[in-house]
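# Survey of secondary and tertiary structure
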Amino acid sequence: MAQMSMIEAIRSAMDVMLGRDENVVVFGEDVGYFGGVFRCTAGLQEKYGSSRVFDSPINESGIVGAGIGMAAYGLRPCVEVQFADYIYPAYDQIVSEAARLRYRSAGQFTASMTIRSPCGGGIFGGQTHSQSPEALFTHVSGLKTIVPSTPYDAKGLLISAIEDDDPVIFLEPKRLYNGPFDGHPDRPAQSWAGHPQGEVPEDHYTVPIGKARLVRDGSDATIVTYGTMCFVAEAAANETGIDAEIIDLRTLLPLDIDTIVNSVRKTGRCMILHEATRTSGFGAELSAQIQEECFYNLEAPIVRVTGWDTPYPHAQEWHYFPGPERVGRELANLMEASS
Amino acid sequence: MAQMSMIEAIRSAMDVMLGRDENVVVFGEDVGYFGGVFRCTAGLQEKYGSSRVFDSPINESGIVGAGIGMAAYGLRPCVEVQFADYIYPAYDQIVSEAARLRYRSAGQFTASMTIRSPCGGGIFGGQTHSQSPEALFTHVSGLKTIVPSTPYDAKGLLISAIEDDDPVIFLEPKRLYNGPFDGHPDRPAQSWAGHPQGEVPEDHYTVPIGKARLVRDGSDATIVTYGTMCFVAEAAANETGIDAEIIDLRTLLPLDIDTIVNSVRKTGRCMILHEATRTSGFGAELSAQIQEECFYNLEAPIVRVTGWDTPYPHAQEWHYFPGPERVGRELANLMEASS
Amino acid sequence: MRRPEIDSDPDDMKDLATSLIRVLNRKAEAVGPWAGDVDTHLLLHGLRSMMRTRAFDERMMTLQRQGKTSFYMKCTGEEAIAIGQQLALSLGDMNFPTYRQQGLLICQDYPIVDMICQILSNERDPLHGRQLPVLYSARDYGFFTISGNLGTQYIHAVGWAMASAIKGDTKIATGWIGDGSTAENDFHAALVNASVYQPPVVLNIVNNQWAISSYQGIAGGDLATFAERALGYGIPSLRVDGNDFIAVHQVSKWAIERARRNLGPTLIEWVTYRVAPHSTSDDPSKYRPREESAAWPLGDPILRLKNHVIQRGLWSEERHKQAEAEFDEEMRLTAKEAERYGVMGEGASDRDIFEDVYKEMPPHLRKQRRELGV
Amino acid sequence: MRRPEIDSDPDDMKDLATSLIRVLNRKAEAVGPWAGDVDTHLLLHGLRSMMRTRAFDERMMTLQRQGKTSFYMKCTGEEAIAIGQQLALSLGDMNFPTYRQQGLLICQDYPIVDMICQILSNERDPLHGRQLPVLYSARDYGFFTISGNLGTQYIHAVGWAMASAIKGDTKIATGWIGDGSTAENDFHAALVNASVYQPPVVLNIVNNQWAISSYQGIAGGDLATFAERALGYGIPSLRVDGNDFIAVHQVSKWAIERARRNLGPTLIEWVTYRVAPHSTSDDPSKYRPREESAAWPLGDPILRLKNHVIQRGLWSEERHKQAEAEFDEEMRLTAKEAERYGVMGEGASDRDIFEDVYKEMPPHLRKQRRELGV
Ligand SMILES: Cc1ncc(C[n+]2csc(CCOP(=O)(O)OP(=O)(O)O)c2C)c(N)n1
Ligand SMILES: Cc1ncc(C[n+]2csc(CCOP(=O)(O)OP(=O)(O)O)c2C)c(N)n1
Ligand SMILES: [Mg+2]
Ligand SMILES: [Mg+2]
């Protein structure tokens, strides 16, 4: 088994799929010759040629729109939007077209395509390189939304996404590209080398869409989270000594509600944790579903720990980002809340 | 006091503001000479001239983008997007620009503008004339989101929106334009004539942003809703004989959480009702906040009654739209749930 | 108007974006370099298809007035464009149409009954009652699912054509957009990508001079022709009398061959006129003088082709009347047949609300379907 | 290259979109119809401003290498464009710049220390640490808040100019966009609206031939010039040597006067070259041959203007060297001063996270601020 960073794992997923399926094409801004600003597609154009892997004009609507046309033809485009903060110009194409084709044509046309985009904060990127817009996609029927948190999952899920016959939004927590990050910016950067989830098969394998992953078994409370926050949650549990069960959703939609419900029924306490702004974030949906399913098991109110309802600030990043200290404090509060 | 339909009330709000404040301008597709496909701006160009009220090219991004530039200059644009289903091409301008100007310029520039758009179903409009995209705006910090349900509120809130110094998304439930609608499509259409909420002052007045309205006082359960669903909720309460307290939010963000919490603390049971698709709809946020605030008062799980998680179908409209029968059934279930 | 070689340099045909290519003269003769030689069978098939399209439109208006459908959109006066071009396309090519290209289906003998069932949203509606009337989808007829959102599909046509090129296929795509909708942003997305990748696509602008209530000037059509837009992207562009069936067909053939021979994209502005209201929800008397539509700028394309074929001895007034009656009857009977499957949404299945959102129904939709009890 | 009258018909100047307006010849003389008569004080102010801009860029690179800021973007080689145009604008006009127009501020003697404090996100940062380095905002200097999103602001410039026209004002707006970003959809939104409403706006395209790793062809620049895009909208368009300070200033004056006299919008493509990396996060050796930037297409604009003023006896090698040293020292000292307020986000207040989201802080944000405990 190889050791891969998340970037390498993502690249390997596309490499495998470009090799296996001649209908797979990869494109986006700076994606071709250069190999992407995060290097996720480095070397792929050289290997598969510029009609399979290529640069696109700086027009996100065009990237997705052309992808839809290609998918209607029968290809399986895997496109990159350079930052999730720049996905909004493509929002109409995603919502009104990609997500709707199958429904409105009664299955005659489908948009089997994957839209990859780096998301999340922690890289001092300010308001236009840090956003987590996942809830804007989970509200749209017809889309699937994935946020991996490890190299192994990233590759397996990306292959599943490319093979999926529906449009998939694939958001890559950029802070995890080169290593896990527990929310302590002052400590030395970690790398994926040596991390068990950095062990990634070179070949084809899949991680199923719609299945969560247990990050940590525990009995005191359940933390439902995804992306970078998986590591922050772990750090908070370790630092507070609270025996939290941590669930990494991996897929937000379709949601693995059963895994969540089983855990919350066991622990009776639940924290939802994400980087995105709170109001109408995906945490709201999780909270609603969990109280619908676990009302009689809850010993304390479900708590949401999230980014603040403000644009993502630049200098104040570490007071915006929900780090282990804040998560730990809220976890302690959650344990104290009386039932 | 005049009797007005919601269309007339909305027109009157713009009329009053065009008259009072020479910085107000009104534009959008078919809005000028013709007066709008729903006639909301009829007569205004003739009265105020074509430099204050005018037609725009069919480009929603341009409508909002030009409006932002005008607001930066010092005007107060009130623009129309012909259907909320067509607001997505403007989504980037709304999210990345209008909502962010004040923050990123530390108050040097602001987007004091109102974006009006007809929303919601019930007019046999199919998937591109029926959507309720409010949750896509409540997730965006920097925006305010309003959904009026009566002519009186529509005028008072629209004046507040135009006078507000922040960008406001103003979604108009088009099924209520000409009369209240209780969700019984087979019964004769009602009109606003004679309805107490159809009595609207001709002059300037405001309904404050951020304050909910009590539609119906009750003690059995609380229904939190907005837009067309206010009338459906009333019908369901009347038809089931369940004494529900009904809250019309009017403003979704900022949310009048106090009014909701007071009611739910009193009744101990809560239904959230909206037309929009369920997953990550605004109901999720409401549910999350209500359980955070009222956990110890709830006698049964909060229930969400919503549009299904599918595109809005054309022929099956009345099985998609949450009508009084479905709401009544869920209300009865809610009353039966044991604590 | 001159007819350049198909492989001419785009730089050498810029004049064609500001002139107007026309073949039929006032005497209904086919003249000039674009007249070429059109198969007489094709001419008559074109004429009949235009007549059938018009008869169809009229019958659907009747259904709407009878309350059997909520909504309809006519293409009166624009029949030559869709039909003249479709008859130059081949099986496997893909149109990305707007709501005003019903002619694309009708001239291919797509089952009229299926079109009507879609409009009635009944139990035989191929789209299961989900779509607004007239937003057809017919993959096997090279007809992409019509969007209710303007402009979005222009770039799909470009993407589809890019895919064809990537696969080394010779199939081509055609994009369709209205004059008003050229103002939409995705028009630019399509042109930029067409310029950069040079895919085999024909990009049609149907300039019927009106959007809903706004005339073409509100889309920027006063200061330059819509055809000129393409020149800034290095894309050859032609401006054509869209009510001249022969011109439509010949120019389409030219552009289609260009695409098929991999010489790149072409944009064509079809100048025509929307004589009817925008849709059944519209009342043009509120925004344009009645005399304008009464004058019918550019003339009735059916009449113009009819005069031509009569003059060539291929057709007669009598056969025309006969055909009119025949198509009227065809549409009346077909509508009747379609109505048997239900009108105004009757017969649409509630289970279909939940199907086709995804390939496989995820658990939350199964749950919601149970909630509805279907 | 001819210089048309300011009120010429746009149709009569289409040739200017494909040629290249230039004033400074190889001998550094100002020649031709666009040479005009530029105030010598302005020339020297322009030269000094370009030199200060370059010195500023160099100093900021040093700060970035020292880890005092995370990010910086140079405009090396493009100084003449922002500065030549700003010096033709008047107080009250509004620029909608991209991240590569720092010259607009520097030539107006905007406090350099404030620019550096923004870059350092420190306690004196006028934007309170919220924005990425270099995304300035300076309303009083006619400098709109820069967006991190490409292309969005072109239409803002058009909207601002429409507002000016609505109010009967004579202030004008200028839009700025890069060659790569002309591919963004909002470029079209801006041009359509500029065409329809004819507001007083100058629309600049800074064609520095590269986006990040993609050259101008990927934006559609191979088959037509970017200036030609405007012709399809009936907007007059000029293509200019952007490294020729005098040409920049004179053409800007022409377009600004056109706007100010309400003769409509003008688009200008400034041909230049990005000699530096895209940003401090970029490494051009991965995608373009080093010889290309070494050759510096179109030449160094500072050198070209310097030679001109020396030749005219307004300047000397000695004064140039002196000025270089002076500006270097200015930037060194100012950076030092700025650093006293903190580097890399030091000194930014956490309360500022919650301010300015809305005019008045709504309850939910007050609550969240309490949660953070600030
Ligand atoms: C994105 C979007 N905006 C607005 C509309 C509403 N609308 C439907 S048709 C139409 C006019 C289109 O005019 P044009 O493109 O000229 O086509 P025509 O109807 O003349 O064939 C408008 C504004 C829409 N369907 N989609
Ligand atoms: C909407 C959007 N998409 C992508 C990016 C990422 N990005 C930043 S700068 C850039 C290249 C811009 O090139 P150009 O317009 O030529 O400007 P230049 O940097 O050459 O001045 C890209 C792709 C962005 N900032 N915004
Ligand atoms: Mg039209
Ligand atoms: Mg560039």
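Residues numbered from 1 in each chain as written. Chains lettered and ligands numbered in written order. Predicted model: local features only at pLDDT ≥ 70, side-chain atom pairs only at ≥ 80, totals over all residues. Heavy atoms only, no water.

Turning to the coordination of the magnesium ion (ligand 3), a few remarks are in order. Residue and element names in this part refer to chain C. For the magnesium ion (ligand 3), the full set of protein donor atoms is Asp179 (OD), Asn208 (OD1) and Trp210 (O), at a range of 2.0 to 2.1 Å. Mapped onto the sequence, the donors of the magnesium ion (ligand 3) take the spacing D-x28-N-x1-W. Taken together, the residues Asp179 in the loop between strand E2 (173–178) and helix H6 (185–197) and Trp210 in the loop between strand E3 (201–207) and strand E4 (237–241) connect sequence positions 31 residues apart. Each member of the pair Asp179 and Trp210 is classed as buried. (Donors = N, O, S within 2.8 Å, 3.2 Å for Na, K, Ca; no water. Helix = DSSP H or I, 4+ residues; strand = E, 2+ residues; numbered from the N terminus. Buried < 20%, exposed > 50% of the residue type's maximum accessible area, 1.4 Å probe, protein only.)

This paragraph deals with the interface of chain D and chain A. Each partner contributes to the interface: chain D provides 38 residues, whereas chain A provides 36 residues. With both sides pooled, the region where chain D packs onto chain A buries about 3000 Å², and carbon together with sulfur makes up 56% of that total. Taken together, the links from chain D to chain A amount to 1 salt bridge. A salt bridge links Arg278 of chain A to Glu371 of chain D; the nearest nitrogen and oxygen atoms lie 3.0 Å apart. Summed over the shared surface of chain D and chain A, the number is 15 residue pairs in polar contact (both at pLDDT 80 or more). Among the elements that take part in the side of chain D that touches chain A, helix H11 (residues 363–372) of chain D stands out by supplying 5 residues, more than any other. Across the side of chain D that touches chain A, the residue classes break down as 15 nonpolar, 16 polar and 7 charged. (Contact = heavy atoms within 4.5 Å. Buried area = accessible area lost by both parts, 1.4 Å probe. Salt bridge = Lys/Arg side-chain N within 4 Å of Asp/Glu carboxyl O. Polar contact = N/O pair within 3.5 Å; in protein donor to acceptor, adjacent residues only side chain to side chain. Nonpolar A, V, L, I, M, F, W, Y, C, P; charged D, E, K, R; others polar.)

All names here are of chain C. Pairing is parallel across the open sheet formed by 5 strands, whose spatial order is E1-E2-E3-E5-E4. For this open sheet the edge positions go to strand E1 (94–96) and E4, each flanked by a neighbour on one side alone. Strand-to-strand twist of the sheet, defined as the mean angle between neighbouring strand axes without regard to direction, takes the value 20 degrees. In terms of strand pairing, E2 meets E3 through 6 bridges, oriented parallel. Note that in E3 the partner of Trp176 across the bridge is Asn204. Running at roughly 175 degrees to E2, helix H2 (residues 79–86) makes contact with E1, E2, E3 and strand E5 (266–271) of the sheet. With respect to the sheet, helix H7 (residues 245–260) is in contact with E3, E4 and E5, its orientation differing from that of E5 by roughly 170 degrees. (Pairing = 2+ DSSP bridges. Axes fitted to C-alpha atoms, helices over the stretch in contact; angles between N-to-C directions.)

With that settled, the discussion passes to the site of ligand 1. Looking at ligand 1, there are 20 residues lining it, with Glu60 of chain B together with Tyr99, Arg100, Asp179 and Ser181 of chain C nearest. Two or more chains meet at ligand 1, and those chains are chains B and C. Trp210 of chain C places a polar main-chain atom, nitrogen or oxygen, 2.8 Å from an oxygen atom of ligand 1. Coverage of ligand 1 by the protein amounts to 95% of the 590 Å² it exposes when considered alone. (Near = heavy atom within 4 Å. Areas by Shrake-Rupley, 256 points an atom, 1.4 Å probe, with all protein chains shown as cover.)

Now for the relation of the copies chain A and chain B. Mapping chain A onto chain B leaves a residual RMSD of 0.0 Å; the transformation is a rotation of 180 degrees accompanied by 0.0 Å of translation along its axis. Given the turn and translation reported, the copies of this chain are related as if by a two-fold rotation axis. (Least-squares fit on C-alpha atoms with pLDDT ≥ 70 in both.)

Here helix H10 (residues 282–294) of chain A crosses helix H10 (residues 282–294) of chain B at 65 degrees, and the two axes come no closer than 7 Å. In the packing of H10 of chain A onto H10 of chain B, the handedness of the crossing is left-handed. The segment H10 of chain A lies against H10 of chain B, with Ala284, Glu285, Ser287, Ala288 and Gln291 of chain A engaging Ala284, Glu285, Ser287, Ala288 and Gln291 of chain B. Classifying every residue of the contact of H10 of chain A with H10 of chain B gives 4 nonpolar, 4 polar and 2 charged. (Left-handed = near helix turned anticlockwise from the far one by under 90°.)

Grouped together as the largest cluster of nonpolar side chains are 245 residues, with contacts concentrated most on Leu249 and Ile290 of chain A, Leu249 and Ile290 of chain B, Leu191 of chain C together with Leu191 of chain D. Examining the composition of this core, we find that 9 residues originate from one element, helix H1 (residues 6–20) of chain B, more than from any other. Setting aside chain neighbours within four positions, we find Ile290 of chain A in contact with Val224, Ile260, Val264, Cys270, Ile272, Phe295 and Ile302 of chain A. The next biggest cluster of nonpolar side chains, apart from the first, holds 78 residues, and it includes Leu43, Ala88, Val113 and Leu314 of chain D. (Core = buried A, V, L, I, M, F, W, Y, C linked by side-chain atoms within 4.5 Å.)

Okay, the interface of chain A and chain B next. With 48 residues of chain A at the interface, the matching set in chain B holds 48 residues. In this assembly, chain A packs against chain B so that about 4000 Å² is buried in total across both faces, 57% of it on carbon and sulfur atoms. Between the two partners, chain A and chain B, sit 4 salt bridges. Glu292 of chain B is paired through a salt bridge with Arg304 of chain A; the nearest N and O atoms lie 2.8 Å apart. Among the secondary structure elements, those contributing two or more residues to the side of chain A that touches chain B are helix H4 (91–98), helix H5 (101–104), helix H6 (135–138), strand E13 (270–277) and H10 of chain A. Per element, the largest residue contribution to the side of chain A that touches chain B is 8 residues, and it comes from H10 of chain A. Tallied by class, the residues present in the side of chain A that touches chain B amount to 21 nonpolar, 17 polar and 10 charged.

The subject of this paragraph is the site of ligand 2. Taken together, 20 residues lie around ligand 2, and Glu60 of chain A together with Tyr99, Arg100, Asp179 and Ser181 of chain D are the ones closest in. Between ligand 2 and Tyr99 of chain D there is a distance of 2.7 Å, counted from an oxygen atom to a side-chain nitrogen or oxygen. Of the residues belonging to the shell around ligand 2, the class tally is 7 nonpolar, 8 polar and 5 charged.

Residues and elements named next belong to chain A. Judged by pairing direction, the sheet is mixed, and its 7 strands sit side by side in the order E3-E2-E4-E5-E7-E6-E12 without closing on themselves. Each edge of the sheet is formed by a strand with only one pairing partner; in this case those strands are strand E3 (53–55) and strand E12 (251–253). Strand-to-strand twist across the sheet, computed as the mean angle between neighbouring axes with direction ignored, equals 20 degrees.

Residues and elements named next belong to chain A. The end-to-end C-alpha separation of H10 is 18 Å, in line with the 18 Å expected for 13 residues at 1.5 Å each. Counting buried residues in H10 gives 11 out of 13 residues, a clear majority hidden from the surface. For H10, the set of buried residues is Phe282, Gly283, Ala284, Glu285, Leu286, Ser287, Ala288, Gln289, Ile290, Gln291 and Cys294. (Expected span 1.5 Å × (residues − 1).)

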